[in-house]
Amino acid sequence: PQVMNSLQGALLALILCAALVSLGSMTSAQASMAERTEAAARTEHQMTALRQMAASSQRAEERLDRLLAAVEQLRADKVDL
């Protein structure tokens, strides 16, 4: 009976260790998933900022093109005088 209790105790300890290792693995996986989710959110935020910068740059380029066209028109008008 005493040997059986020792074996049961050892088996219970082994099961407990396995459960703790499994729990640690799940916690680690959850932390890794949270890190990836945060990284994805940061990437999405950066992509949004880049899109906004590109749109702003495009608008600035269009304004510059219109300004250059106006300067060319003024030069042409000056030549006609």
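Summary of the structure given here. This structure is a prediction, so every number in the text was calculated from the model and none was measured. (Residues numbered from 1 in each chain as written. Predicted model: local features only at pLDDT ≥ 70, side-chain atom pairs only at ≥ 80, totals over all residues. Heavy atoms only, no water.)

Concerning the overall build of the protein
At step 1: Tallying secondary structure elements over the protein gives one helix and zero strands in all.
At step 2: In the protein, which comprises 81 residues, the proportion classed as buried is 0%.
At step 3: Of the roughly 7400 Å² that the protein leaves accessible, carbon and sulfur atoms contribute 66%.
At step 4: The centroid of the 8 positive side-chain charges in the protein is displaced by 4 Å from the centroid of its 9 negative side-chain charges. (Helix = DSSP H or I, 4+ residues; strand = E, 2+ residues; numbered from the N terminus. Buried < 20%, exposed > 50% of the residue type's maximum accessible area, 1.4 Å probe, protein only. Areas by Shrake-Rupley, 256 points an atom, 1.4 Å probe, with all protein chains shown as cover. Lys, Arg positive; Asp, Glu negative; His and termini not counted. Charge placed at Lys NZ, Arg CZ, Asp CG, Glu CD.)

A short note on the pattern of salt bridges
At step 1: On inspection of all chains with the given rule, the structure shows two salt bridges.
At step 2: Here Arg 75 ties to Glu 72 by a salt bridge, and the two come within 3.2 Å at their closest N and O atoms. In this pair, Arg 75 and Glu 72 are both assigned in helix 1 (residues 2-80), three residues apart and thus about one turn of the helix distant. (Salt bridge = Lys/Arg side-chain N within 4 Å of Asp/Glu carboxyl O.)

Structural notes on the environment of Ala 76
At step 1: Within the secondary structure layout, Ala 76 lies in helix 1.
At step 2: Sequence-wise, Ala 76 and Gln 52 are 24 residues apart; in three dimensions their C-alpha atoms are separated by 36 Å.

With respect to the environment of Thr 27
At step 1: Looking at the element boundaries, Thr 27 is found in helix 1.
At step 2: For Thr 27, a relative accessible area of 44% corresponds to the partly exposed category.
At step 3: Distance in space between the C-alpha atoms of Thr 27 and Ala 40 is 20 Å, their sequence separation being 13 residues.

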